[in-house]
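# Survey of secondary and tertiary structure
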Amino acid sequence: MDGISVIICAHDSAERIRPTIEALACCRANFPVEIIVVDNNSSDETAGRAREAWNACGNDRFGFLIVEEPQAGLAYARRAGVRAASFGIVLFCDDDNWLAEDYLMHAMRIMRDPSVGAAGGCSTPAHPELLPPWFYTFSWGFAVGVPLSRIAQLPDDPEAATTVDALWGAGLVTRRDVVKYLYALPGFPALSGRKGAELLSGEDLELSACLLGAGYKLLFCESLRFKHDIAPKRLTTAYAKRLFANFERGFVVHGHYTKVIEAFENPSRAAIIGCARIVKHILLGRLNRESLLSLLAALRLPHLLTSDQRRIYGTVQSLRSRMSHSRQVSTQALQDVGSESPA
């Protein structure tokens, strides 16, 4: 864990990337840091503006790099950033996220725990005076605050953390080796994330599910704070309706991952639940291919799944196999060290 690679995925970000870079330049760190701007199929001066902003900051402590990713889509941009990253910890900073000065320090402290696969925090709007009255009811959809279902789990101590089952991609801190492996799998990601003007979403839910499936913890940490500079054009009811309408696909894919992971971890229980679900759906007249997922995954019959379900099954299977091999190697290394110790 020798440093942090901050990855900024930017599509047509020329008008909003300067304050994001300026905030990063002010961050404190007593370890190596590099900033990687991924120019994702931009048609404006994103790359040039980003370099100008960085040069104006006068920060000679951090490295700075711009890479090109012509394939539109947030997931593809993140994959390009991870491939270019030099350090063991990666931090996904959106092009409109202004990280607090202590963000990197807290991120490194949290990730020193090897059981943590990823950590995320809370954001506040950069310009609260511009927000419409309805905003805070739906703020979680804009990666602001915390989801309503997580309020009861928040620790009283701001320095403490709580385990969750999913994290936002904004400000996400995770492990390069795991996400790099995931992005190399042919079936990952099932969701591409934002793609130009398309409000596709859910890639952060997919990544969260995979990390859980690999046996890692996900932590929500109030000490990880940043401001979200929400563009005025996104603060309309029309935009919000489009945004939330596209969440459904992400929730469905996350549900598939959950069922497949359960089937690998406890096949007998998953099979029983799967049978009960099939009976219930027959009685309700709702039987479909989704109803069969838990049972077929528990019985290790991926060839009977849909193509989308097979990709998810293959991702979970590959990831769990990799993590099992890694644990075996670690155990063997410890045994070898013990056998070499003097009596």
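Let me sum up the structure you'll find in this document. All figures in this text were calculated on a predicted structure; none of them were measured in a lab.

Time to look at the overall build of the chain. Along the chain, the regular secondary structure elements total eleven helices and nine strands. Burial status across the chain gives 50% buried among its 343 residues. Counted over contacts in the chain with a minimum sequence separation of 6, partners at least 24 positions apart contribute 80%. Carbon and sulfur atoms provide 55% of the accessible area of the chain, an area that totals close to 16,100 Å².

As a further point, take the pattern of salt bridges. Tallied over the entire structure, the rule returns twelve salt bridges. With a closest N to O distance of 3.9 Å, D177 and R322 form a salt bridge. Within this pair, whereas D177 is found in helix 5 (residues 176–184), its partner R322 is found in helix 11 (residues 307–340), the two being separated by 145 residues in sequence. A relative accessible area of 40% means that D177 is categorised as partly exposed. Among the salt bridges present, the one from R225 reaches E222, with a minimum N-O distance of 3.3 Å. Look at R225 and you get partly exposed, because its relative accessible area is 41%. A single network of salt bridges, built from pairs that share partners, joins R78, D94 and E203.

With that settled, the discussion passes to the packing of aromatic side chains. Under the defined criterion, the tally for this structure stands at twelve aromatic pairs. Look at W54 and F62: their rings are 6.5 Å apart centre to centre, the planes differ by 20 degrees, and that puts the pair in the stacked class. With a centroid separation of 5.3 Å and 90 degrees between ring planes, the pair formed by W140 and F244 is classed as edge-to-face. On the criterion of sequence distance, the pair formed by W140 in the loop between strand 6 (116–125) and strand 7 (161–163) and F244 in helix 7 (residues 237–245) is long-range, its members being 104 residues apart. By relative accessible area, which is 30% here, W140 ends up partly exposed. In this structure F244 comes out as partly exposed when scored by relative accessible area, which is 23%. For the cation-ring pair, R61 lies above F62, with the distance from its terminal atom to the ring centre recorded as 4.5 Å.

Next up on the list: the packing of helix 6 (residues 203–213) against helix 8 (residues 247–265). Helix packing geometry: the angle between the two helix axes and the distance between the axes. At a minimum axis distance of 9 Å, the contact between helix 6 and helix 8 shows a crossing angle of 10 degrees. On the basis of the axis angle, helix 6 is roughly parallel to helix 8. Counted together, L205, E206, A209, C210 and G213 of helix 6 and G250, F251, V253, H254, Y257 and I261 of helix 8 form the full contact between these two elements. Of the residues that constitute the contact of helix 6 with helix 8, the class distribution is seven nonpolar, three polar and one charged.

Turning to the pairing of strand 8 (residues 172–175), a few remarks are in order. Both faces of strand 8 are covered, namely the face carrying L172 and T174 and the face carrying V173 and R175. One ladder, built from four bridges, connects strand 4 (residues 89–92) with strand 8; its direction is antiparallel. Directly across from I89, in strand 8, lies its bridge partner R175. Inspection of the sheet shows strand 6 paired to strand 8 by two bridges, in the antiparallel sense. Bridge pairing in strand 8 links A119 to V173.

Criteria and cut-off values
Residues numbered from 1 in each chain as written. Predicted model: local features only at pLDDT ≥ 70, side-chain atom pairs only at ≥ 80, totals over all residues. Heavy atoms only, no water. Helix = DSSP H or I, 4+ residues; strand = E, 2+ residues; numbered from the N terminus. Buried < 20%, exposed > 50% of the residue type's maximum accessible area, 1.4 Å probe, protein only. Contact = heavy atoms within 4.5 Å. Areas by Shrake-Rupley, 256 points an atom, 1.4 Å probe, with all protein chains shown as cover. Salt bridge = Lys/Arg side-chain N within 4 Å of Asp/Glu carboxyl O. Phe/Tyr/Trp six-rings, centres within 6.5 Å; stacked < 30°, edge-to-face > 60°. Lys NZ or Arg CZ within 6 Å of the ring centre and 35° of its normal. Axes fitted to C-alpha atoms, helices over the stretch in contact; angles between N-to-C directions. Parallel < 35°, antiparallel > 145°, perpendicular 65-115°, else oblique. Nonpolar A, V, L, I, M, F, W, Y, C, P; charged D, E, K, R; others polar. Pairing = 2+ DSSP bridges.

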